[in-house]
Amino acid sequence: MLRIAVVGSGPSGIYAAQSLVEQSAVDDVRVDVLDRLPCPYGLVRYGVAPDHEKIKSLQNNLRTVLENGRIRFLGHVEVGPGGVSPEALTRLYHAVVYCVGATSDRRLGIPGEDLPGSFSATEFVSWYSAHPDCDPGAFVLGARSAVVIGAGNVAVDVARMLTRGADELRPTDVPQSALGALAASRVREVHMAARRGPSQARFTTKELRELGALPGADVTVDESELARDPVFADLSALPAPVRRNVEVLRGWAGRPLRPGARRLALRFYLRPVELLEREGRVGAVRCERTAPDGAGGVLGTGTYEEIEAQLVLRAVGYRGVPPPGLPFDPVTATVPHAAGRVLRAGAAAPGEYVAGWIKRGPTGVIGTNRPCAKETVASLLQDAPLLCARPVAPEPLDALRKLGLRPVTWQGWLAIERAEAELGRSLGRRSVKIPDWDGLLSAALGPA
Ligand code: NAP
């Protein structure tokens, strides 16, 4: 028997579990998918925006994997202090695959970044996704004007959520408190600021186009900013995804604002240099106008612009945090590895593996995790004869309980799903997410 722990039940963890049971020559492979949270699916549940129902529906595919008889979900199990130590895990399992994602954010490193009213996009995403670590009352959207810094798909997600009306979100599983705050939001203007040009933006065309179809908001684009991009005059040599982005943006230039509509301004060649304080909180973002350097980067021009903002969301990328007990490269914020095998002082550590964002950094779409997990699992299975020789505990679940942990099993998760459906019914909505630890744990485990 080969007994494996996968740490993290997001797409990379679930694809790793699937690969293990599909690729293993050992019939008797058993996989426990552990998660700190009582709920599975990682960023599909706590990152994909609630209005992206098609991507959310991927949960159905991930669910099928977790229902496989050789795979077991064990939520509410933290690896690290207060939970199970990495050393203890190695006594319970022949191998551990860490699929813990990138749970922190890149910093801007500019003055004023931590002023009240300035948040990482991850905090805002966690709030509207009902992450239990996030205060449900964290965002009172009294701001008139918001600035979103960055031009990736996360920036697009948070800009869209700020400009969507509550009526459009009511049919989704957005938590009730966030729905109330979004319904009462006074935000009229959202500015998305990219430090480089339209041809270097990281968002994808499908996500970009969606901004132009928001019922209650109008996108504005300044044609003179688009024209600063050296490629603007001739798009023919651009790769198709980049060309499509620029074409979509060009189509929006000069579009008039509908009366009463919120404004979503897409700005380019603006590098934030400081968040300015007004009355004890953020009041504006000071940006330096940049210009293309001819090599895909930008140079400062020494001219500045201030954009009014009582709310700033920094969407400049995720960042991995060191998983307890594993080596970590602070430059790439990933765990050093060779084809998924964790490297300690340059040598492969038997029984320790990584997959997903903690292995390759926070890029790519959900599907990118599938080949990434497959590569890691191929390495693990090559090592299997060696790994199997080591004795492990007969039933890890008993051992986890002996440590004082109260794992949430698949039955517990199904109880959370039922409680969320019931909550939705009581509010006259579809299933609505439970946003707090107590609510999730009492649904899953009963009274403490
Ligand atoms: P991202 O795609 O890496 O975009 C980060 C953005 O922040 C870039 O525009 C970058 O500009 C900018 N930035 C970085 N440092 C900055 C600084 N110091 N000052 C100003 N701007 C700065 O990251 P992401 O948006 O967090 O997305 C992460 C991954 O998740 C991506 O692969 C994304 O496609 C995926 N995702 C997909 C979806 C979807 O499919 N719907 C939704 C959300 C996320 P530069 O390019 O100039 O560095």
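Residues numbered from 1 in each chain as written. Predicted model: local features only at pLDDT ≥ 70, side-chain atom pairs only at ≥ 80, totals over all residues. Heavy atoms only, no water.

Along the backbone of the chain there are 17 helices and 18 strands. The C-alpha radius of gyration of the chain comes to 23 Å, within 12% of the 22 Å expected for a compact globule of 448 residues. Projected onto its principal axes, the C-alpha coordinates of the chain cover approximately 70 × 55 × 40 Å. Within the chain, the fraction of its 448 residues that count as buried is 54%. Split by element, the accessible area of the chain, about 18,800 Å² in all, is 54% carbon and sulfur. With 54 positive and 49 negative side-chain charges, the chain shows a separation of 3 Å between the mean positions of the two kinds. (Helix = DSSP H or I, 4+ residues; strand = E, 2+ residues; numbered from the N terminus. Rg over C-alpha atoms; globule rule 2.2 N^0.38 Å. Buried < 20%, exposed > 50% of the residue type's maximum accessible area, 1.4 Å probe, protein only. Areas by Shrake-Rupley, 256 points an atom, 1.4 Å probe, with all protein chains shown as cover. Lys, Arg positive; Asp, Glu negative; His and termini not counted. Charge placed at Lys NZ, Arg CZ, Asp CG, Glu CD.)

Segmenting the chain into domains produces domain 1 (2-103 + 320-408) and domain 2 (105-317). Spacing between the C-alpha centres of domain 1 and domain 2 amounts to 33 Å. Here domain 1 meets domain 2 over a buried area of about 1,300 Å², counting both sides, of which 53% is carbon and sulfur. Per-residue buried area on domain 1 facing domain 2 is highest for Tyr 46, Pro 50 and Asp 51; these three make up 44% of the total on that side. Run the count over domain 1 and domain 2 and you get three salt bridges. Across the pair Arg 164 and Asp 51 runs a salt bridge whose closest N-O atoms are separated by 2.6 Å. Where domain 1 touches domain 2, the interface holds five residue pairs in polar contact (both at pLDDT 80 or more). For the side of domain 1 that touches domain 2, a count of residues per class yields four nonpolar, two polar and four charged. (Domains from an automatic or database assignment. Buried area = accessible area lost by both parts, 1.4 Å probe. Salt bridge = Lys/Arg side-chain N within 4 Å of Asp/Glu carboxyl O. Polar contact = N/O pair within 3.5 Å; in protein donor to acceptor, adjacent residues only side chain to side chain. Nonpolar A, V, L, I, M, F, W, Y, C, P; charged D, E, K, R; others polar.)

Ordered in space as E11-E12-E13, the three strands form an open sheet in which the pairing is antiparallel. Edge positions in the sheet fall to strand E11 (270-278) and strand E13 (298-308), since each of these pairs with one other strand and no more. Averaged over all neighbouring strand pairs, the angle between strand axes comes to 25 degrees, with direction disregarded. Note: E11 against strand E12 (residues 281-292), eight bridges, orientation antiparallel. Residue pairing across strands places Arg 278 opposite Arg 281, the latter belonging to E12. (Pairing = 2+ DSSP bridges. Axes fitted to C-alpha atoms, helices over the stretch in contact; angles between N-to-C directions.)

Ala 151, Val 154, Arg 195, Arg 196 and Gly 364 are the nearest of the 22 residues found near the ligand. Measuring from an oxygen atom of the ligand, one finds a backbone N or O atom of Gly 364 at 2.8 Å. Protein chains bury 85% of the 920 Å² of accessible surface belonging to the ligand in isolation. Considering every element that reaches the shell around the ligand, the biggest residue donor is helix H7 (residues 153-163), with three residues. (Near = heavy atom within 4 Å.)

To continue, consider the sheet that holds strand E3 (residues 71-74). With respect to topology, seven strands assemble into an open sheet ordered E3-E2-E1-E4-E18-E17-E16, the strand pairing being mixed. Where the open sheet ends on each side, the last strands, each with one partner, are E3 and strand E16 (337-338). Pairing geometry for strand E1 (residues 2-7) and strand E4 (residues 95-98), over four bridges, is parallel. Opposite Ile 4, over in E4, you have Ala 95 as the bridge partner. Along the sheet, helix H1 (residues 11-23) contacts E1, strand E2 (29-34) and E3; its crossing angle with E2, the most-contacted strand, is approximately 175 degrees. (Contact = heavy atoms within 4.5 Å.)

Turning to a positive patch on the surface, a few remarks are in order. A cluster of like positive charges, contributed by Arg 106, Arg 195, Arg 202 and Arg 319, occupies part of the molecular surface. Structurally, the position occupied by Arg 195 is in the loop between strand E8 (189-193) and helix H10 (205-211). On the accessibility criterion, Arg 195 (54% relative accessible area) is exposed. (Patch = residues over 30% accessible without salt bridge, like charges linked within 9 Å, V, L, I, M, F, W, Y side chains within 5 Å.)

Moving on, we come to the packing of aromatic side chains. Counted by the stated rule, this structure contains eight aromatic pairs. Measuring from ring centre to ring centre gives 5.5 Å for Phe 124 and Trp 127, while their planes differ by 25 degrees; the resulting arrangement is stacked. Remark: Trp 127 and Phe 124 occur in helix H6 (residues 121-128); sequence separation between them is three residues, near one turn of the helix. Comparing Phe 124 with Trp 127, the two get one shared label, buried. Among the aromatic residues, ring-to-ring pairing joins Phe 119, Phe 124, Trp 127, Tyr 128 and Phe 139 into one connected group. It is Arg 250 that lies over the ring of Phe 232; its NZ or CZ is 5.4 Å from the centre. Here the guanidinium or amino end of Arg 286 rests over the ring plane of Tyr 304, the centre of that ring lying 4.2 Å away. (Phe/Tyr/Trp six-rings, centres within 6.5 Å; stacked < 30°, edge-to-face > 60°. Lys NZ or Arg CZ within 6 Å of the ring centre and 35° of its normal.)

In this section: the packing of H1 against helix H14 (residues 369-388). Orientation of H1 relative to H14, taken along the N-to-C sense of each, is 45 degrees, at an axis distance of 8 Å. By the angle class used here, H1 and H14 are oblique. The interaxial crossing formed by H1 with H14 has right-handed handedness. Together, Pro 11, Ser 12, Tyr 15, Ala 16, Gln 18, Ser 19, Leu 20 and Gln 23 of H1 and Asn 369, Arg 370, Ala 373, Lys 374, Val 377, Ala 378, Leu 380 and Leu 381 of H14 make up the contact between the two elements. Of the residues belonging to the contact of H1 with H14, the class tally is nine nonpolar, five polar and two charged. (Parallel < 35°, antiparallel > 145°, perpendicular 65-115°, else oblique. Left-handed = near helix turned anticlockwise from the far one by under 90°.)

Phi is mostly negative for residues that are not glycine, and the peptide bonds are mostly trans. Even without being glycine, Tyr 41 reaches a positive phi, approximately 90 degrees. Its place among the elements puts Tyr 41 in the loop between E2 and helix H2 (42-46). Judged by relative accessible area, which is 1%, Tyr 41 ranks as buried. Phi at His 76 takes a positive value of approximately 60 degrees, unusual for a residue other than glycine. Tracing the sequence through the fold places His 76 in the loop between E3 and helix H5 (86-92).

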